[in-house]
Amino acid sequence: MTNREDRLIDRIRKKIPSAAGGILRAGIGDDAAVLRAPASSEWLVTVDPFIEDVHFLADAYPPDAVGWKALVRATSDIAAMGAMPQLFLLSLAIPAKRTGRWLDAMLAGMARAAERLGLRLAGGDTAQSSRKNPKVSISVTVFGTVQRGRALLRSGARPGDAIFVTGRLGAAQLGLELILRGLHRERRWKKQLAAQFYPQIFPGLAAWLAEHRLATAMMDISDGLSTDLDRLCRASGVGARIHAATFLSANVPRELARLRLDPLKLALHGGEDYGLLFTVPKRLASRIPRAPGDVPLTRIGKIVPGRGVRLVAVGGSSSLLVARGWDHFSKR
Ligand SMILES: [Mg+2]
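As the structure is a prediction and not an experimental result, all values here were calculated from the model.

Chemist: Explanation requested: the sheet that holds strand S12 (residues 309–312) in the structure shown.
Modeler: The strands that make up a sheet pair up through hydrogen bonds in the backbone, lying either parallel or antiparallel. Within the open sheet, the seven strands sit side by side as S8-S10-S7-S11-S9-S12-S13. Their pairing is mixed. Of all strands in the sheet, those bounded by a partner on one side alone are strand S8 (217–221) and strand S13 (318–320). On average, each strand axis in the sheet is tilted by 25° relative to the strand beside it, whichever way the strands run. For strand S7 (residues 162–166) and strand S10 (residues 275–280), the ladder comprises four bridges, and the chain directions are antiparallel. Looking at S10, one finds that Phe 164 is bridged to Phe 278. Sitting on the sheet, helix H7 (residues 225–236) is in contact with S7, S8, strand S9 (239–243), S10, strand S11 (297–304) and S12, with an inclination near 155° to S8.

The structure is reproduced here in structure tokens:
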């Protein structure tokens, strides 16, 4: 008779790809995973928590979206440096009431993300959350590899570089606004919730930028463009000038007006999109639209000497952009 934790680990390993082989010499089943160091490569590692009532609301989130997003948002940080995601560790604390169908669905969502991203589970740990605080708490550690010296940092942007972003800025925030208004139960909003529940990332594009030395700096947009572009500029010791007209669609979706949401604020300060933000020397910028994969790309402005991010409004006037994205330590 195996104990409960062993049975739970068995359920997890049956659902999520975890077979040893290649760079994973020994995975689940031993006390620690044994990783082979790939020749002429470097390891990248990052950890990301995904906690009920802090990062997601269990009542609003489909359980498979919890598994999908927990893995995708952690992997986003590896991809955003131009590395290929390889392995992950899962640390899971769940209340007893969620160990049945909820857990199966959550693991199915995580397995789907693992397959999409080419990730294998190398190990982890499970526990039951305390009765006093019966919440789901997921911690994901992701390992990636990149050719030695090719990882893209935030600090490489230079004046004159073009600034690109992927995806639709503010799409995930719109989903969150719907949840906060209790509208996520209505079928007609389903499409607008996808970016919040099932964010998409593009490690292939990011690796292509690193491999061909096209980008000078890169990061993912997790806390909103205004905050993350400010971080990139500070790390590089430069400023930026971006144009609202490039990322603001001319016809504002009717639903935004109905919800009294300002599309410019959503695009500038909305978090959780996990799109890529990267800079490219001007002479190489024409190669970016020919990137592999069908990734929506937008050139939003350029890096300038000095400090601060200036926003050029659709009308042409320019003003200093204050970072107002997600701040984990501010009270809302
Ligand atoms: Mg990041």
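Additional details are given in the paragraphs that follow.
Chemist: Is there a simple way to explain the side chain of Arg 150 in this structure?
Modeler: Locating Arg 150 in the fold gives a position in the loop between strand S6 (137–147) and S7. Look past the residues within four positions of Arg 150 in its chain and what remains in contact with it is Met 81, Ala 210, Glu 211 and Arg 213.

Chemist: Mind showing me how you'd approach the coordination of the magnesium ion here?
Modeler: Note on metal sites: the ideal angle is 109.5 degrees for four tetrahedral donors, and 90 or 180 degrees for six octahedral donors. At this site the magnesium ion is bound by Asp 77 (OD) and Asp 220 (OD), with donor distances of 2.1 Å. Highlighted residues: Asp 77 in helix H2 (residues 63–79) and Asp 220 in strand S8, separated in sequence by 143 residues.

Chemist: Is there a simple way to think about the sheet that holds S6 in this case?
Modeler: Taken in spatial order, the four strands of this open sheet run S3-S6-S4-S5, and their pairing is mixed. Edge strands, defined here as strands with exactly one partner in the open sheet, are strand S3 (41–51) and strand S5 (120–128). Pairwise comparison of adjacent strand axes, ignoring direction, gives a mean angle of 15° for this sheet. As paired strands, S3 and S6 are joined by 11 bridges and run antiparallel to one another.

Chemist: Honestly, the pattern of salt bridges in this entry has me stumped. Any pointers?
Modeler: Summed over the entire model, instances satisfying the criterion amount to 12 salt bridges. The partner of Glu 272 in a salt bridge is Lys 69, with the nearest N and O atoms 2.9 Å apart. Here Glu 272, found in the loop between helix H10 (263–269) and S10, pairs with Lys 69, found in helix H2; they are 203 residues apart in sequence, far enough to count as distant. The same class applies to Glu 272 and to Lys 69, which are both buried. A salt bridge links Arg 234 to Asp 230, with the shortest nitrogen-to-oxygen separation between them at 2.8 Å. Residue Arg 234 and its partner Asp 230 are both found in helix H7; the two are separated by four residues, about one turn of the helix. Overall, Arg 234 belongs to the exposed group, its relative accessible area being 63%. When its relative accessible area of 18% is taken as the criterion, Asp 230 is described as buried.

Chemist: How do you make sense of the packing of aromatic side chains when you look at a structure like this?
Modeler: Between two aromatic rings, the relevant description is the distance of the centres plus the angle of the planes. For the structure on display, the rule yields seven aromatic pairs. Plain terms: the ring middles of Tyr 61 and Phe 197 are 4.8 Å apart, the flat faces sit at 75° to each other, and that makes the pair edge-to-face. Here Phe 197 lies in helix H5 (residues 190–197) and Tyr 61 lies in the loop between S3 and H2, a separation of 136 residues in the sequence. In this structure Phe 197 comes out as buried when scored by relative accessible area, which is 7%. Each ring, one from Trp 68 and one from Tyr 198, has its centre 6.4 Å from the other, and the planes form 70°; the classification is edge-to-face. With Trp 68 in helix H2 and Tyr 198 in the loop between H5 and helix H6 (203–211), this residue pair connects regions lying 130 residues apart in the sequence. What links up through ring pairs into an aromatic cluster is the set Phe 50, Phe 56, Tyr 61, Trp 68, Phe 197 and Tyr 198.

Chemist: When you look at the environment of Pro 159 in this model, what are you seeing that I'm missing?
Modeler: Mapped onto the fold, Pro 159 is located in the loop between S6 and S7. The partly exposed category is assigned to Pro 159, whose relative accessible area is 43%. Filtering out sequence-adjacent residues up to four positions away, Pro 159 remains in contact with Val 238, Ile 303, Val 304 and Pro 305.

Chemist: When you look at the pairing of S5 in this model, what are you seeing that I'm missing?
Modeler: Every other side chain in a regular strand lies on the same face of the sheet, so the side chains alternate between the two faces. Looking at chain direction, strand S4 (residues 84–94) and S5 are connected through eight bridges and run parallel. Within S5, the residue paired with Leu 90 across the bridge is Gly 124. Taken together, S4, helix H3 (residues 101–117) and S5 constitute a β-α-β crossover, and its handedness is right-handed.

Procedures and definitions
Residues numbered from 1 in each chain as written. Predicted model: local features only at pLDDT ≥ 70, side-chain atom pairs only at ≥ 80, totals over all residues. Heavy atoms only, no water. Pairing = 2+ DSSP bridges. Helix = DSSP H or I, 4+ residues; strand = E, 2+ residues; numbered from the N terminus. Axes fitted to C-alpha atoms, helices over the stretch in contact; angles between N-to-C directions. Contact = heavy atoms within 4.5 Å. Donors = N, O, S within 2.8 Å, 3.2 Å for Na, K, Ca; no water. Salt bridge = Lys/Arg side-chain N within 4 Å of Asp/Glu carboxyl O. Buried < 20%, exposed > 50% of the residue type's maximum accessible area, 1.4 Å probe, protein only. Phe/Tyr/Trp six-rings, centres within 6.5 Å; stacked < 30°, edge-to-face > 60°. Right-handed = clockwise from strand over helix to strand, strands pointing away.

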